[in-house]
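Each chain, letter by letter, is given below.
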Amino acid sequence: MKAKVYVTIKENVLDPQGNAVQGALHSLGFSEVGKVRIGKFMEVELDAADRAQAEAQLKSMCEKLLANTVVEDYRFELEG
Amino acid sequence: MKFAVLVFPGSNCDLDMFHAVEDTVGEQVDYVWHTANDLSQYDAILVPGGFSYGDYLRCGSIAQFAPVMQEVRKAAEAGKFVLGVCNGFQILTEAGLLPGALIRNNSLQFRCHPVDLVVENTGTAFTNAYAPGETIRIPIAHGEGNYYVDEQTLEQLKANNQIVFRYQGHNPNGSVDNIAGVSNERGNVVGMMPHPERAVSELLGSKDGARMFTSVLNAWRERNGAAIGR
């Protein structure tokens, strides 16, 4: 099974990289751009009996390692 | 007293930490590899700065699962003295031994210069040789030293007197409440972004960091009876 994992900095935590990119877009003339947030995208291939098991495994991976839940949120999508 | 300086792949302040112990207190100190599974002979464990495991994913995120970290957990629970500096601080927060997280400096720049710190808590094992409210000068060198805790945790830190150092004057990284270092509730585990091991001699520009090492020797002597000494 394939999973896409998205890790983003929490809304209430400063994202200096996002702010820098927002500034760059503005200076290129994209004045329509509001807030920009930068996160991480990971593709994970895993062996799982079914969807429910895969979800449980991914949750555990995110909580333990892939995201630092003090400052980051995570979500994932399963393919197939 | 016996000190351990942990060495992870990518540690680069381990030599400075080792020599800081030798130069300030002259007690026995060993390098301990990240695969070690016994720290029982050590009284103080120093987690040095650097880029453990290349800082892949997040600073300190992979190092928290190194075999030696299980032993650091045990040592912390047993009340032994644990100090994490810079990447070591990041590792201790990732491991859950200290609250909060370190994120990218708000300037997006790597900051490398001396800073003035206020010693907020002299009740920890690493700060008993300072005067309360004293200002000391210690260098920083980090790109991700912006300490973050949510408001509720910040209130807890204040209530428990866990804020050990604050930046004085300019805040170099945007950390919440100007925090430069914190401790656990018991005060035996301390983490900080500035590098005391780089401030142990006037030749280095400051020797204000030296008393962190004499502090922990004081704490150990107090615990083990003042008769033990050099």
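Residues numbered from 1 in each chain as written. Chains lettered and ligands numbered in written order. Predicted model: local features only at pLDDT ≥ 70, side-chain atom pairs only at ≥ 80, totals over all residues. Heavy atoms only, no water.

### Some remarks on the overall build of chain B
Cut-off, in case you're wondering: Strands here are runs of E lasting at least two residues and helices are runs of H or I lasting at least four, both read from the DSSP assignment and numbered beginning at the N terminus. Here the globule rule reads 2.2 Å times residues to the power 0.38, and the radius of gyration is calculated from C-alpha atoms. Only protein chains enter the accessibility calculation, which uses a 1.4 Å probe; a residue whose area is less than 20% of its type maximum is buried, one above 50% is exposed, and one in between is partly exposed. Any two residues whose heavy atoms approach within 4.5 Å are treated as being in contact. The convention is simple: Lys and Arg are positive, Asp and Glu are negative, and His and the chain ends are not counted. To locate a charge, take NZ of a lysine, CZ of an arginine, CG of an aspartate or CD of a glutamate.
Helix and strand content of chain B: five helices and eleven strands. Its C-alpha radius of gyration of 16 Å places chain B within 12% of the 17 Å reference for a compact globule of 230 residues. The C-alpha extent of chain B, read off along each of the three principal axes, is 45 × 35 × 35 Å. The buried share of chain B, reckoned over its 230 residues, is 58%. Long-range contacts, defined here as pairs at least 24 residues apart, represent 73% of the contacts in chain B between residues at least 6 apart. Once the 17 positive and 25 negative side-chain charges of chain B are each reduced to a mean point, those two points are 1 Å apart.

### What about the UniProt feature "active site" (unreviewed entry) in chain B?
Residues and elements named next belong to chain B. Stated formally: UniProt positions are given in the numbering used here, feature names are shortened, and annotations may be inferred rather than shown by experiment. Any pair of N or O atoms that falls within 3.5 Å is considered a polar contact. Within protein, one atom must be able to donate a hydrogen and the other to accept it, and sequence-neighbouring residues count only if both atoms are side-chain atoms.
Listed under "active site" (unreviewed entry) in the UniProt record, and renumbered for this structure, are Cys-86, His-195 and Glu-197. A compact arrangement is adopted by the annotated residues: their sequence extent is 112 residues, whereas the largest C-alpha distance between any two is 10.9 Å. Within the element layout of this structure, Cys-86 appears in the loop between strand 4 (81-85) and helix 3 (87-94). Ignoring anything within four residues of it in the chain, the contact list for Cys-86 reads Gly-49, Ala-141, His-142, Met-192, Met-193 and His-195. For Glu-197, a relative accessible area of 2% gives the class buried. Separated by 2.7 Å, the side chains of Glu-197 and His-195 make a polar contact.

### Thoughts on the packing of aromatic side chains
What counts is decided by this rule: Working definition: a ring pair exists when centres of Phe, Tyr or Trp rings (six-membered ring for Trp) sit within 6.5 Å. Plane angles under 30 degrees give stacked, over 60 give edge-to-face, the rest tilted. In our convention, an over-ring charge means Lys NZ or Arg CZ found within 6 Å of a ring centre and within 35 degrees of that ring's normal.
Under the defined criterion, the tally for this structure stands at four aromatic pairs over all chains. With 4.4 Å between their ring centres and 20° between their planes, Phe-18 of chain B and Tyr-31 of chain B make a pair best called stacked. Linking Phe-18 of chain B in helix 1 (residues 14-24) with Tyr-31 of chain B in strand 2 (residues 28-33), this pair joins segments that are 13 residues apart in sequence. A relative accessible area of 12% places Phe-18 of chain B in the buried class. Tyr-31 of chain B gets classed as partly exposed once you look at its relative accessible area, which sits at 37%. Of note, Arg-75 of chain A hangs over the ring of Tyr-6 of chain A, and the distance from its end group to the ring centre comes to 4.2 Å.

### Concerning the interface of chain A and chain B
Here is the rule we go by: Joining two parts hides part of their accessible area as seen by a 1.4 Å probe, and the buried area is that hidden amount summed over both. Salt bridges are defined as contacts in which a side-chain nitrogen from Lys or Arg sits within 4 Å of a carboxyl oxygen from Asp or Glu.
Each partner contributes to the interface: chain A provides 16 residues, whereas chain B provides 15 residues. For the chain A and chain B pair, buried surface summed over both sides reaches about 1,300 Å², with 68% attributable to carbon and sulfur atoms. If you sort the residues of chain A by the area they bury against chain B, Pro-16, Leu-65 and Asn-68 of chain A come out on top, with a joint share of 35%. Glu-72 of chain A is paired through a salt bridge with Arg-58 of chain B; the nearest N and O atoms lie 3.7 Å apart. Taken together, the connections running from chain A to chain B amount to four residue pairs in polar contact (both at pLDDT 80 or more). For the side of chain A that touches chain B, the secondary structure elements donating two or more residues are helix 1 (16-27), strand 2 (39-45) and helix 2 (51-66) of chain A.

### Notes on the layout of surface pockets
Put simply, the rule reads: As defined here, a cavity is a set of points on a 1 Å grid over the protein atoms alone where a 1.4 Å probe fits but cannot get out. A pocket is an open set with protein on both sides within 12 Å along at least five of seven lines, and residues line them when an atom is within 4 Å of a point. Grid points are joined across faces, edges and corners, and a volume is the space filled by probe spheres set on the points.
Here the largest pocket defines a volume of roughly 440 Å³. Together, 25 residues line the largest pocket, and Lys-40 and Glu-72 of chain A together with Leu-57, Arg-58 and Glu-144 of chain B are the ones closest to its centre. Looking at the lining of the largest pocket, the elements that each hand over two or more residues are strand 1 (2-9), helix 1 and strand 2 of chain A together with helix 3 and strand 5 (101-103) of chain B.

### Overview of the environment of Gly-181 of chain B
All names here are of chain B. Mapping Gly-181 onto the fold places it in strand 10 (residues 179-183). Here the alpha-carbon distance between Gly-181 and Val-119, two residues 62 residues apart in the chain, equals 9.4 Å. Other than its neighbours up to four places away in sequence, Gly-181 contacts Gln-162, Ile-163, Val-164, Phe-165, Gly-191 and Met-192.

### Focus: the sheet that holds strand 6 (residues 111-119) of chain B
Residue and element names in this part refer to chain B. Selection criterion: Strands are labelled as partners when DSSP assigns at least two bridges between them. Note on geometry: axes are lines fitted to C-alpha atoms, helical ones only across the stretch in contact, with angles between N-to-C directions running from 0 to 180 degrees.
Taken in spatial order, the nine strands of this open sheet run 2-1-3-4-11-10-9-6-7, and their pairing is mixed. Looking at the sheet topology across the chains shown, the edges are occupied by strand 2 and strand 7 (135-142). Within this sheet the neighbouring strands show an average axis-to-axis angle of 25°, counted without direction. Sheet topology note: the strand 4/strand 11 (residues 189-192) ladder contains four bridges and is parallel. If you follow Val-82 over to strand 11, its bridge partner there is Val-189. With respect to the sheet, helix 1 is in contact with strand 1 (2-7), strand 2, strand 3 (44-47) and strand 4, its orientation differing from that of strand 2 by roughly 160°. The strands touched by helix 4 (residues 151-159) within the sheet are strand 9 (163-167) and strand 10, with strand 9 carrying the most contacts at an inclination of about 110°.

### Here we look at the sheet that holds strand 1 of chain A
All names here are of chain A. Pairing in this open sheet of three strands is antiparallel, and the strands run 2-1-3 from one edge to the other. Looking at which strands have only one partner, the edges of the open sheet turn out to be strand 2 and strand 3 (72-79). Averaged over neighbouring strand pairs, the angle between their axes works out to 20° when direction is ignored. Examined bridge by bridge, strand 1 and strand 3 share eight bridges and lie antiparallel to one another. Opposite Val-5, over in strand 3, you have Phe-76 as the bridge partner. Those strands touched by helix 2 are strand 1, strand 2 and strand 3, and its axis lies near 155° from that of strand 3.

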